[in-house]
Amino acid sequence: MTDKTPSSAPDAEAARPEPDAPAERPGADAPAERPGTASAERPGDGSSEEPRGTGAPAGRPVVEVSPGVYKRLTTGLGGFTMAMGACLLLVLAIYVITPRSDKEVLPTVDYGSQLWAMRNDAPYTVYAPEGLPIHWRPNSSRVHGLGSGGKDPVAWHLGFVTPSEQYAALEQSNEKASEFVPRMANSSQPVGTQQVNGVAWTKYHRKDKKANTLARTLPNGVSLVVTGTASYAELAVLAGSLKEQAKTGGPPPPATATPAS
């Protein structure tokens, strides 16, 4: 009987070295590198790999920042909020230190040319203020009807800012007094009379408009009305300064009102 010794072939085959694995083919199993990504250097292994999206073209210097600064720069909403807050603080500081006034500043006008035109072209003798106290400031002047050839009434409006910062205006016209005076006074109901330099002026008052008025109609039919938010006392000053203006030729006068010395 022949003893059969187990073959050692399997062990030999197991001990046989395996054939070399096929070399990795470029691009076969390795993950493809995405365009636009770079590699950053890993600490300790000497390999080079840059963070994604931060690769700089060759030859340009790379500015290194701390993680905290990098976070602030790349955090969009937080950085925007901080910038807007700084701008608002700057605007607020400028607003606080800038001097300002809530008082409305009205212009000062030179009514010399309108006075000259009324003197020479109006179909009646014109009245204008003379010797008004200081701080009476003319701020408006308008002439109506001079170019109509006598078809329309001729009127002159002359407005002032009074010393008490109220408004007073001279309105004069050859329009029918029964129509012109109530329209300028904003009322058709007299409330009395007031003596100004020995002449009686009719008083009107419109409470809702805070309007006081002194009115007088001359013998030739021309009406003189001084009206505004000024007190009756200030209106009396304007009415008392009105003087007849003689017709004169020559160029328009350059002056405005003639203040008292």
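What counts and how
Residues numbered from 1 in each chain as written. Predicted model: local features only at pLDDT ≥ 70, side-chain atom pairs only at ≥ 80, totals over all residues. Heavy atoms only, no water. Helix = DSSP H or I, 4+ residues; strand = E, 2+ residues; numbered from the N terminus. Buried < 20%, exposed > 50% of the residue type's maximum accessible area, 1.4 Å probe, protein only. Patch = residues over 30% accessible without salt bridge, like charges linked within 9 Å, V, L, I, M, F, W, Y side chains within 5 Å. Areas by Shrake-Rupley, 256 points an atom, 1.4 Å probe, with all protein chains shown as cover. Salt bridge = Lys/Arg side-chain N within 4 Å of Asp/Glu carboxyl O. Pairing = 2+ DSSP bridges. Axes fitted to C-alpha atoms, helices over the stretch in contact; angles between N-to-C directions.

K.L.:
Just checking my understanding: could you explain unusual backbone geometry for this structure?
P.N.:
The general pattern is negative phi for most residues beyond glycine and trans for most peptide bonds. Positioned with a positive phi, Glu165 is a non-glycine residue whose angle comes to about 65°. Position of Glu165 relative to the elements: it lies in the loop between strand E3 (155-161) and strand E4 (167-173). Note on Glu165: relative accessible area 52%, which makes it exposed.

K.L.:
Please clarify how a nonpolar patch on the surface should be interpreted in this entry.
P.N.:
Taken together, Leu92, Tyr95, Val96 and Ile97 make up a surface patch of nonpolar side chains, about 460 Å² in accessible area. Assessed through its relative accessible area of 57%, Val96 is described here as exposed.

K.L.:
Help me understand the sheet that holds strand E8 (residues 223-228) in this model?
P.N.:
One open sheet accounts for seven strands, arranged E2-E3-E4-E8-E7-E6-E5; its pairing is antiparallel. Single-partner strands in this sheet number two, and they are strand E2 (137-144) and strand E5 (190-196). The average undirected angle you get between the axes of adjacent strands in this sheet is 20°. In terms of strand pairing, E3 meets E4 through seven bridges, oriented antiparallel.

K.L.:
Sorry, what's going on with the pairing of E5 here?
P.N.:
If a strand is regular, its side chains alternate between the two faces of the sheet. Pairing geometry for E5 and strand E6 (residues 199-206), over six bridges, is antiparallel. In the strand pairing of E6, Pro190 is matched with Tyr204. Taken together, E5 and the strand that follows it, E6, pair antiparallel across an intervening segment of two residues, in which Asn197 is found at a positive phi of about 55°.

K.L.:
For this particular structure, what's the right way to read the pattern of salt bridges?
P.N.:
It is possible for side chains of opposite charge to pair when their charged atoms get near one another. Under the counting rule described, the total for this entry stands at two salt bridges. Residue Arg183 pairs with Glu175 through a salt bridge whose shortest N-O separation is 2.7 Å. For Arg183, a relative accessible area of 44% puts it in the partly exposed group. The class of Glu175 is buried, set by a relative accessible area of 15%. Here Arg206 makes a salt bridge to Asp208, at a shortest N to O gap of 2.6 Å. Classification of Arg206 by relative accessible area gives partly exposed; the value is 26%. Assessed through its relative accessible area of 59%, Asp208 is described here as exposed.

Keep in mind these values describe shape, not function.
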